[in-house]
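A look at the structure
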Amino acid sequence: MTTTDATAAAERYEIGDRAANGRYPVAVDGKPTGHIYRWHGGWYAVAPGQPEETRHDDRHAAAAHLVDLVDSGAVEPGAAPAAPPAAEAGIVPWLSPKLKPTRRNIISAAIAFGRLAELAWKPEDEEGNPTGYPGSDNPWDLTCELDGKTVVRWWSHMRGRNGDNTPRPEYRHEGCIPFEEQAGKVAALVGEPVTACPCQQDTHPTTADAADDLLKRAERARRADDAEALRQLLTQLLGPCPASSARGQAMKELKERGQRTKS
């Protein structure tokens, strides 16, 4: 699409506010015409009556694609939208169903959960349902424990960078308690770090060796397509635990071991 075409298309579409499922409705010529959403750095356009989603570089290119579909006659503006897809269920609620339960994804998720616990965030939606780790650059519904508000965040922004664990930006979200009160309330909520898993039903690993053993067993279960065994192992590796911070640190150690081995 040329710059001129893109400018003309931009005058015809309007991108609405993000819905709870992470999708943005798009209107073309003032009429509802599908939606767009972001996933792993790309933007996807979804139009009623079209069997496939299409990937684009940014949100405006995705919305402009819906304009093209209207102009080609493939989509009728204002047509009844396709029924929203049923929520896809993952093998456990703590890992997005779009992410395979590989060693790398499990380690990344466990590190994220450990850090969220340290920062007083809960991976839950407004109804208190768990929200699975979606990857570092995808929107994630999290509930702030300081005021109970659920907002969208990106793990790549919260984990810090270059060895600095300070989230970017440092403020939590619009409307949260005053910035100067946040650190004290986080410390009060988090309390003293728990270094050993106190859970009775499932034992969660808090050392690198224990985590490595479970990860190897999980990989064997995944390759054998043993869903029940994999579900139990993922519960130990990712399920809620007061010692999730210690588990996250153990996973970090495993990750660093792997990086040293490769180098």
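Residues numbered from 1 in each chain as written. Predicted model: local features only at pLDDT ≥ 70, side-chain atom pairs only at ≥ 80, totals over all residues. Heavy atoms only, no water.

Where helix α3 (residues 103-119) contacts helix α8 (residues 244-262), the axes come no closer than 7 Å and their chain directions differ by 140°. One finds that α3 runs oblique with respect to α8. With respect to the hand of their crossing, α3 and α8 are arranged in left-handed fashion. Touching R103, I107, A110, I111, F113, G114, A117 and E118 of α3 are S244, S245, G248, Q249, M251, K252, L254 and K255, all from α8. Its residues placed into classes, the contact of α3 with α8 shows seven nonpolar, five polar and four charged. (Axes fitted to C-alpha atoms, helices over the stretch in contact; angles between N-to-C directions. Helix = DSSP H or I, 4+ residues; strand = E, 2+ residues; numbered from the N terminus. Parallel < 35°, antiparallel > 145°, perpendicular 65-115°, else oblique. Left-handed = near helix turned anticlockwise from the far one by under 90°. Contact = heavy atoms within 4.5 Å. Nonpolar A, V, L, I, M, F, W, Y, C, P; charged D, E, K, R; others polar.)

To continue, consider the sheet that holds strand β6 (residues 121-122). Ordered by their spatial adjacency, three strands build an open sheet running β6-β7-β8, and the pairing between neighbours is antiparallel. Each edge of the open sheet carries a strand with a single partner, namely β6 and β8 (150-154). Sheet analysis places strand β7 (residues 139-144) next to β8, joined by five bridges and oriented antiparallel. Residue pairing across strands places P139 opposite W154, the latter belonging to β8. Packing of α3 onto the sheet brings it into contact with β6 and β7, and relative to β7 it is tilted by some 35°. (Pairing = 2+ DSSP bridges.)

Okay, the sheet that holds strand β5 (residues 54-56) next. Ordered by their spatial adjacency, five strands build an open sheet running β1-β2-β3-β4-β5, and the pairing between neighbours is antiparallel. With one partner strand each, in any of the chains shown, β1 (13-15) and β5 form the two edges of the open sheet. Looking at each pair of strands side by side, their axes are set apart by 30° on average, direction ignored. Pairing of strand β3 (residues 31-39) with strand β4 (residues 42-46) involves five bridges; the strand directions are antiparallel. From the neighbouring strand, Y37 faces β4, where its bridge partner is Y44. Here helix α2 (residues 59-72) sits on the sheet in contact with β1, β2 (23-28), β3, β4 and β5, set at roughly 145° to β3.

Turning next to the pattern of salt bridges. Note on pairing: side chains with opposite charge can pair once their charged atoms come close. Counted by the stated rule, this structure contains 13 salt bridges. For R115, the salt bridge identified is with E118, shortest N-O distance 2.9 Å. Linking R115 with E118, this pair stays in helix α3, spanning three residues, or about one helical turn. Of the residues examined, E118 reaches a relative accessible area of 25% and is grouped as partly exposed. For the salt bridge of E219 with R223, the shortest nitrogen-to-oxygen distance reads 2.8 Å. With E219 and R223 both in helix α6 (residues 208-223) and four residues apart, the pair spans about one turn of that helix. E219 sits in the buried class, given a relative accessible area of 18%. Three or more residues are tied together by salt bridges with common partners; here these are R12, D29 and D71. (Salt bridge = Lys/Arg side-chain N within 4 Å of Asp/Glu carboxyl O. Buried < 20%, exposed > 50% of the residue type's maximum accessible area, 1.4 Å probe, protein only.)

Treat this as a map of the structure, not an account of what it does.
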